[in-house]
Structures are given as structure tokens and as C-alpha cells.
Amino acid sequence: MLKNNLLRLGICVLVLLLGACASGPKTSHKPVDPMSVDVSGSVNRDFLEAVQLIQGERYPEAIELLQSVVDREQRLSAPYVNLGIAYYRSGDEKQAEEAFLEALRAAPLDPVASNELAVLYRRQGRFDEARTTYEEALQNNPENLPLIKNLGILCDLYLQDVNCALAQFQQYLKYAPDDSKVSIWVAGLKRRAN
């Protein structure tokens, strides 16, 4: 479900961002304002087609098309994030990691790219790197619910850090008080903390 939400977010962001022709530098050391990036219609069309391929679980085709997109447009993170998702789902974690890192080079403050990279690190057992990635991303995106929740999951299930998990889930509930599953997690963590 998280991946589908991320794909939808990527589509929405890219549709809002893409317009006329690409110009300017390919990469930047400063975060690029995605609203100021003009991108060719063919890049937009190919990106949207690639997202549909991912949703249809046609990963090799999606990877090929997204590679073409990022060859033509390196200033936006969404194509790299989706490329990473396609690589991950096809079983190529090394390429997935590189795609997520490229997304962060294009947009260092992108919470979706940070979250995907940290989830990948967690799945690989690279817990310290996952925690660092979440914490750095949260410095710039303190209200991002996937980052908050996933750091809580990492702290609880993988790092056995009850205080960290409790703090994250309590923060999460400030923004999503009706999430009954997280409320149950908080109650369990409070019992464990005592």
C-alpha cells in the first residue's frame, strides 16, 4: 500500500511539474525547486507510461523506459524514485539503491526518496544507515508521516529501542490521531517501557 501511495504521489508531483522543454543544468548541489522545472511532453508521457508499467508489474519494461526518462531529464527525483522501485521489485537491490541515491542527488530534501532508501537499508539489515537516513530526512521534513512511522518501526522491531519507537509513534499520532493500529503499538510500547 505504501508503494502504491508513493507511486501516486510521484505521478501527482510529476504531472504538476512537467510542461514545456528542458533547459538549464542537469544537476545541482542546491535543491531544485521542482515547480520551476520545465520538462518536455515526451518525458512526461514516458514517465506516466512507466508508472503504469510498474503498477502492472512489468518491471523490465518500466526500467527501460525510466532509464530513458532519466537520461533525458536528471533534475527531478520522481523518475529516479520510481526507477528504484522498479529495480527493487525486480530483485536488483544494488541498482535500486543507486537510483534512490540519484534521486537524492537531484533533490536532496526529497522525503519520498529518503524513505525508499531507508526502507531498502532496513530490508538489507543496514539498520544504522536506515536510521541515519530517516533522521536526516526528518530534519527537513518533520511532519512527513511515512518517515516518522517507518523510523518508529525500525526502532521498535529492528533496533529494540523502545524510547525511540515510542517517541516516533507519539509524534505520528499528533498528525494522524485516528490511526488505531499505531495507537495499539503505542500502548504496547508503554507497557514494555515500564
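Heads up: these notes are all about the structure in this document. Numbering of residues starts from 1 in every chain and runs along the sequence as written. Totals for whole chains, interfaces and linings use all residues, but because this is a predicted model, local features are given only for residues with pLDDT of at least 70 and pairs of side-chain atoms are given and counted only at 80 or more. The side-chain figures draw on all heavy atoms in the structure; neither hydrogens nor water molecules are used.

## Examining the packing of helix α5 (residues 93-106) against helix α6 (residues 111-123)
Helix-helix packing: each pair is described by the crossing angle between the helix axes and the interaxial distance.
Logical step 1: Packing of α5 against α6 brings their axes to within 9 Å, and their N-to-C directions diverge by 150°. In terms of axis orientation, α5 runs roughly antiparallel to α6. Read as a crossing pair, α5 and α6 show a hand that is left-handed. The segment α5 lies against α6, with Glu 93, Ala 96, Glu 97, Phe 100, Leu 101, Ala 103 and Leu 104 engaging Ala 113, Ser 114, Glu 116, Leu 117, Leu 120 and Tyr 121.
Logical step 2: Residues are grouped as follows: nonpolar covers Ala, Val, Leu, Ile, Met, Phe, Trp, Tyr, Cys and Pro; charged covers Asp, Glu, Lys and Arg; every other residue, Gly included, is treated as polar. When grouped by side-chain class, the residues that make up the contact of α5 with α6 number 9 nonpolar, 1 polar and 3 charged. To get an axis, a line is fitted to the C-alpha atoms, and for a helix only the part in contact is used. The angle between two axes follows their N-to-C directions and goes from 0 to 180 degrees. Starting at the N terminus, helices and strands are each numbered in turn, a helix being any DSSP run of H or I of at least four residues and a strand any DSSP run of E of at least two. Relative orientations are named as follows: roughly parallel for angles under 35 degrees, roughly antiparallel for angles over 145 degrees, roughly perpendicular for angles from 65 to 115 degrees, and oblique for any other angle. We call a crossing left-handed when the near helix sits turned anticlockwise from the far one by less than a right angle, and right-handed when that turn is clockwise. Residues are treated as being in contact if the distance between any of their heavy atoms lies within 4.5 Å.

## Focus on helix α3 (residues 59-72)
Logical step 1: Compared with the 20 Å implied by 1.5 Å per residue over 14 residues, the 20 Å span of α3 between its first and last C-alpha is a close match.
Logical step 2: Summary of the burial criterion: residues with accessible area below 20% of their type's maximum are buried, those above 50% are exposed, and those between are partly exposed, where the area comes from a 1.4 Å probe applied to protein chains only. Every buried residue of α3 is listed here: Tyr 59, Ala 62, Ile 63, Leu 65, Leu 66, Val 69 and Val 70.
Logical step 3: In this structure, the buried residues of α3 make contact with α2 (41-55) and α4 (78-89). Working rule for helices: expected span equals 1.5 Å times residues minus one.

## Remarks on the state of the cysteines
Logical step 1: Disulfides are defined as cysteine sulfur pairs within 2.5 Å. By the definition in use, this model includes 1 disulfide.
Logical step 2: Here Cys 155 is linked by a disulfide to Cys 164, with a sulfur-sulfur distance of 2.0 Å. With the S-S bond torsion at 45°, the cross-link from Cys 155 to Cys 164 turns out right-handed.

## A few points about unusual backbone geometry
Logical step 1: In this structure, Glu 57 takes a positive phi of about 60° despite not being glycine.
Logical step 2: Structurally, the position occupied by Glu 57 is in the loop between α2 and α3.

## Here's the deal with the pattern of salt bridges
Logical step 1: A side-chain nitrogen of Lys or Arg and a carboxyl oxygen of Asp or Glu constitute a salt bridge if their distance falls within 4 Å. Within the structure shown, the criterion is met by 12 salt bridges.
Logical step 2: Note that Glu 129 and Arg 126 form a salt bridge whose closest N and O atoms lie 2.8 Å from each other.
Logical step 3: Overall, Glu 129 belongs to the partly exposed group, its relative accessible area being 35%.
Logical step 4: Using a relative accessible area of 24% as the deciding quantity, one classes Arg 126 as partly exposed.
Logical step 5: Each member of the salt-bridge network shares a partner with another, and the members are Arg 45, Asp 46 and Arg 72.

## Quick word on the environment of Glu 97
Logical step 1: In this fold, Glu 97 is placed in helix α5.
Logical step 2: Residue classification places Glu 97 among the buried positions, given a relative accessible area of 15%.
Logical step 3: Expressed as a C-alpha distance, the spacing of Glu 97 and Gly 84, which sit 13 residues apart in the sequence, is 6.6 Å.
Logical step 4: Among all residues touching Glu 97, those that are not within four sequence positions of it are Leu 117, Leu 120, Tyr 121, Gln 124 and Arg 126.

## Things to note about the packing of aromatic side chains
Any pair of aromatic rings gets described here by the distance separating the centres and the angle formed by the planes.
Logical step 1: Think of it this way: a Phe, Tyr or Trp ring, Trp meaning its six-membered ring, pairs with another when their centres are within 6.5 Å, and the plane angle makes it stacked under 30 degrees, edge-to-face over 60, tilted otherwise. Going through the model one piece at a time under the given rule, you end up with 2 aromatic pairs.
Logical step 2: Measuring from centroid to centroid gives 5.2 Å for Phe 127 and Tyr 158, while their planes differ by 40°, and the two rings are tilted. Here Phe 127, found in helix α7 (residues 127-140), pairs with Tyr 158, found in helix α8 (residues 145-158); they are 31 residues apart in sequence, far enough to count as distant.
Logical step 3: Residue Phe 127 is classed as partly exposed on the basis of its relative accessible area of 24%.
Logical step 4: Its relative accessible area of 37% is what places Tyr 158 among the partly exposed residues.
Logical step 5: With centroids separated by 5.1 Å and ring planes inclined at 55°, the aromatic side chains of Phe 169 and Trp 185 adopt a geometry described as tilted. Highlighted residues: Phe 169 in helix α9 (residues 162-175) and Trp 185 in helix α10 (residues 180-193), separated in sequence by 16 residues.

Structural measurements only, silent on function.
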